[in-house]
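Architecture and fold: a report
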Amino acid sequence: MACTSCSTSDGGSPKGCKNNGTCGTDSCNKLTVFDWLSNMSLPNGEAPFDCVEVRFKNGRKEFYRNTENLTLSMGDIVATVASPGHDIGIVTLTGELVKIQMKKKGVNHLSNEVPKVYRKATQKDIDIWTTARNKEEPMKVRARELAIAQKLEMKISDIEFQGDGSKATFYYTANDRVDFRLLIKDFAKEFSTRVEMKQVGFRQEAARLGGIGSCGRELCCSTWLTDFRSVNTSAARYQQLSLNPQKLAGQCGKLKCCLNYELDTYMDALKDFPEFDTKLITEKGDAICQKQDIFKGLMWFAYTNNFANWHILKIDQVKEIIAENKLKNKVSSLEDYAIEEVAEPEQNFNNAMGQESLTRFDQPKRKKKPAKKPRVAGENAIVPNSTNKPTIQKNSPPSNVNANVPNKENPVKENPNGNNGNRNRNKNNRKKPNNNRPPSAENKTEQPRKPIIIKKNDNKE
C-alpha cells in the first residue's frame, strides 16, 4: 500500500513519490531515513556515492550499486538484479547516508557482491509488477487451504512476488521444523510459478504485516525498530506490572518490545532501594517487605505474626533500621518510624460544558405537554343553568363566550353540596366537549337530564 501521492486512480499503480519519500502515511514512511544531506552539494571533484537503498514489499530493504550512473532520487522506481530475472523496488535513500546505513547493517560497500541497478522501471515493468501484486492476496488464501489439507503446523503469513512475476516467495511461521516438500509441489502445480519458502519469526511477521498497537500508534517493529531484543518477564517484575499475558503480549504473541524501553530507568531507581527480601528486626518481632513504590520512595513492611497491618516507611528510615540491625541493636517498633498515609484529594476536572460525564446522553427526555386547542368564539360555549348541569350553547353571541366566568350579569350559584359551580365547569373544561358523552361518575344512580339547547333566534327554553 502506498500513499495517495504515490498512486493514481487507475487501480493504485505506483508512479513515483511526489513528496520525495517524505510523506507520513504507511509504506512511504516505513523504516525510512531522513536525508539531511540532500540540499548540500558535493565538493569539487568528488563523485557521488554509487550505492542506493531500495525498498520492496513490507519494508524489505536491500543495497544496490548504481553502475550505470543513473540520476536517482528518493521515490524512483527501479529494476534491480534478482535470481532469476529482475525485481522492481522503490529508491528510499541516496548519497553519503547510504554508506552509513551499509556500515550499520554490516555490508561492505567495496565488495563486488553488491548487486546492481539495471535501469529505471518503464511503464511495462510497472504494469507487470502491479498485476503480480494483485495476485498475492487470493493466492495466500489458497495456499493456506493447501497447507491445512496436508495437516502441516505452519501459517502462511505473506506472499511476495518478484517484480517480473517469475517467482513467488512464501513467508511462513512455525514452532518447529516443517517438511514442506510435498507442499511446494502442490504450490507449483496450483500457481504455475517458481516457489521459494522462507521461515520468519513471530516478531518479523508482525513487522512485515504491520498494525496498530494497544497504545494507539503503529507497531514499533513496522515503523522504526530494526533489532529485536529478547524480552522476559523479569522486565515486568522490575516495573511492578501485573503478570497478565493478555496485557503484556503484543500482536505477535510475544512480550511487548516496549517493556525494555524504560527498564534501565527502573533499574537505576532500584539501586537506591534496599533489597526486597530485607528483614527488619524489632522488639515487637521481625518484619518483611510487602510492597514498594519506586516513584515515591516508600516501602511497606508487616510483622511476620500480623500480615494484616502494613506500615509505610521511607527509604532512609529503612536504611537506618538496617544499620541498627547490623550493629545487633533492635529498634523498638516500626510504629516509631512509620508515616501516615495521606489520602490524596480527588481531582475533579469540570468544564463549562460538562462534557466529562459519560452518561450525559442517557438522561430521559421530558415529555412535552400537548398544546391546548384555541377556542373559537361562539362555538360550544358552556353556560350554567338552574339544575347545575352544564348547558351547551351553539353559535352563542360573543357576549356569552366567557359564560363560565362569574360576573355581575351572570352570577354563579352554589350547589347544595357546597361545591362551587366553577369546579364543575373546570372539570368539564378539561375534557373535550362531546354532546353524546356518558353520565358523570358522581351521578351514576341519578338519571341525568338532557341538556337544554338554546337556538340563536329563540329566547324561550
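Going by an unreviewed UniProt entry, the protein chain carries the name PSP1 C-terminal domain-containing protein and comes from Flavobacterium taihuense.

Details of the sheet that holds strand 3 (residues 77-81)
Spatially, 5 strands are ordered 2-1-4-3-5 in an open sheet, and the strand pairing comes out antiparallel. The open sheet has two free edges, formed respectively by strand 2 (61-65) and strand 5 (117-120), since each of these has just one partner strand. Sheet twist, expressed as the mean angle between neighbouring strand axes with direction ignored, is 45°. Pairing between strand 1 (residues 51-55) and strand 4 (residues 86-93): 3 bridges, direction antiparallel. Along strand 4, the bridge assignment pairs V54 with V91. Across the sheet, helix 1 (residues 96-105) lies against strand 1, strand 2 and strand 4, angled at about 70° from strand 1, the strand it touches most. Across the sheet, helix 2 (residues 123-134) touches strand 3, strand 4 and strand 5, and the angle it forms with strand 4 is around 100°.

A closer look at the packing of aromatic side chains
Scanning the entire structure with this criterion turns up 7 aromatic pairs. A centroid spacing of 4.7 Å and a plane angle of 15° characterise the contact between F170 and F187, whose relative ring orientation is stacked. Of this pair, F170 sits in strand 7 (residues 167-173) while F187 sits in helix 4 (residues 181-191); the two residues are 17 residues apart in sequence, bridging distant segments of the chain. We classify F187 as buried; its relative accessible area is 0%. Seen from the ring of W300, K291 lies directly overhead, with NZ or CZ sitting 4.6 Å from the centre.

Points about unusual backbone geometry
With an omega of -5°, the peptide bond running from S83 to P84 counts as cis. The phi torsion at K151 lies on the positive side, around 55°, for a residue other than glycine. Residue K328 is not a glycine yet carries a positive backbone phi of 60°. When you line up the elements, K328 lands in the loop between helix 10 (315-326) and strand 13 (381-384).

The rules behind each value
Residues numbered from 1 in each chain as written. Predicted model: local features only at pLDDT ≥ 70, side-chain atom pairs only at ≥ 80, totals over all residues. Heavy atoms only, no water. Pairing = 2+ DSSP bridges. Helix = DSSP H or I, 4+ residues; strand = E, 2+ residues; numbered from the N terminus. Axes fitted to C-alpha atoms, helices over the stretch in contact; angles between N-to-C directions. Contact = heavy atoms within 4.5 Å. Phe/Tyr/Trp six-rings, centres within 6.5 Å; stacked < 30°, edge-to-face > 60°. Buried < 20%, exposed > 50% of the residue type's maximum accessible area, 1.4 Å probe, protein only. Lys NZ or Arg CZ within 6 Å of the ring centre and 35° of its normal.

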